[in-house]
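# Residue-level structural notes
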Amino acid sequence: MGETMEGGCQCRRIRYRANIDDVEAYLCHCRMCQRATGGVSIAFKNLKKTDVIWETEPDWYDSSPIAHRPFCAHCGTPLGFAFPDSENMDLTIGSFDDPSRFVPRHHFGAEALQEAWLDTRDLPRYRADEHEPTVRRWKEKVGNLSD
């Protein structure tokens, strides 16, 4: 058996539970995923569709003639990817409540991989919770920092 993990969109309108058997995940770099997310790649967990229970049914976008993507039409969060004729689907790692469990094991769509974005270890790192303008905005609006 696996572990049940939960996730959903930013506004919490769409929620899911997923049975997870392992920590393996992957990064997709294909142009379709780059365009769908506005990023240079997206992190996915592949699992059986039957292992995903949607507490609220997501909105679906037919992103190509062969695939569709669950998302939240209210906040825009991308939640996954699926071929309608497959028993498997992907959930976005960032939509899990605790994404830290997963480990990338391979790249997919390597023909569109943006090499400059792969190894960013040497770039300076800045914390959002230490960025005064961001902290001030959160405190003025909601009284504390968002997670």
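A brief look at the structure comes next. The structure presented is a predicted model; accordingly, all values stated were derived computationally and were not measured.

### What about unusual backbone geometry?
Most peptide bonds are trans, and most residues other than glycine sit at a negative phi. For Arg12, which is not a glycine, the phi torsion comes out positive at approximately 75 degrees. For Arg12, a relative accessible area of 53% translates into the label exposed.

### Description of the nonpolar core
With 18 residues, the main nonpolar core has Trp54, Leu91 and Phe96 as its most contacted residues. For this core, the secondary structure elements donating two or more residues are strand E2 (15-20), strand E5 (52-54) and strand E9 (88-92). Ignoring any residue separated from it by four or fewer positions in sequence, one finds Trp54 in contact with Ile14, Arg15, Tyr16, Trp60, Pro70, Leu79, Met89 and Leu91. Formed by 8 residues, the second largest nonpolar core is a distinct cluster that contains Tyr26, Cys30, Phe44 and Ala67.

### A word on the pattern of salt bridges
Within the structure shown, the criterion is met by 12 salt bridges. For Arg15, the salt bridge is made with Asp97, and the minimal N-O distance between the two is 2.7 Å. With a gap of 82 residues between them, Arg15 in strand E2 and Asp97 in the loop between E9 and strand E10 (103-108) connect regions that are remote in the sequence. A residue is classified by how much of its surface remains accessible, and Arg15, at 10% relative accessible area, is buried. Taking the relative accessible area as the measure of exposure, Asp97 reaches 45% and is therefore partly exposed. The partner of Arg17 in a salt bridge is Glu55, with the nearest N and O atoms 3.2 Å apart. Taken together, the residues span a long stretch of sequence, with Arg17 in strand E2 and Glu55 in the loop between E5 and strand E6 (59-64) at a distance of 38 residues. Residue Arg17 is classed as partly exposed on the basis of its relative accessible area of 30%. The class of Glu55 is partly exposed, set by a relative accessible area of 44%. One connected set of salt bridges, linked through shared partners, spans Glu6, Arg15 and Asp97.

Rules used throughout
- All chains use their own residue numbering, which begins from 1 and follows the written sequence.
- Only residues with pLDDT of 70 or above have their local features reported here, since the model is predicted, and side-chain atom pairs are shown and tallied only from 80 upward, although totals for entire chains, interfaces and linings are computed over all residues.
- Only hydrogens and water are removed before side-chain values are computed, so all heavy atoms of the structure are retained for them.
- Note on classification: 1.4 Å probe, protein chains only; a residue is buried when its accessible area is under 20% of the maximum for its type, exposed when over 50%, partly exposed between these limits.
- Buried residues of nine kinds, namely Ala, Val, Leu, Ile, Met, Phe, Trp, Tyr and Cys, make up a nonpolar core once their side-chain atoms join them within 4.5 Å.
- We count a stretch as a helix when DSSP gives it H or I for four or more residues in a row; a strand needs E for two or more, and each element gets its number in order from the N terminus.
- Contacts were defined at the residue level, with two residues in contact if any of their heavy atoms lie within 4.5 Å.
- What makes a salt bridge here is a side-chain nitrogen of Lys or Arg within 4 Å of a carboxyl oxygen of Asp or Glu, nothing more.

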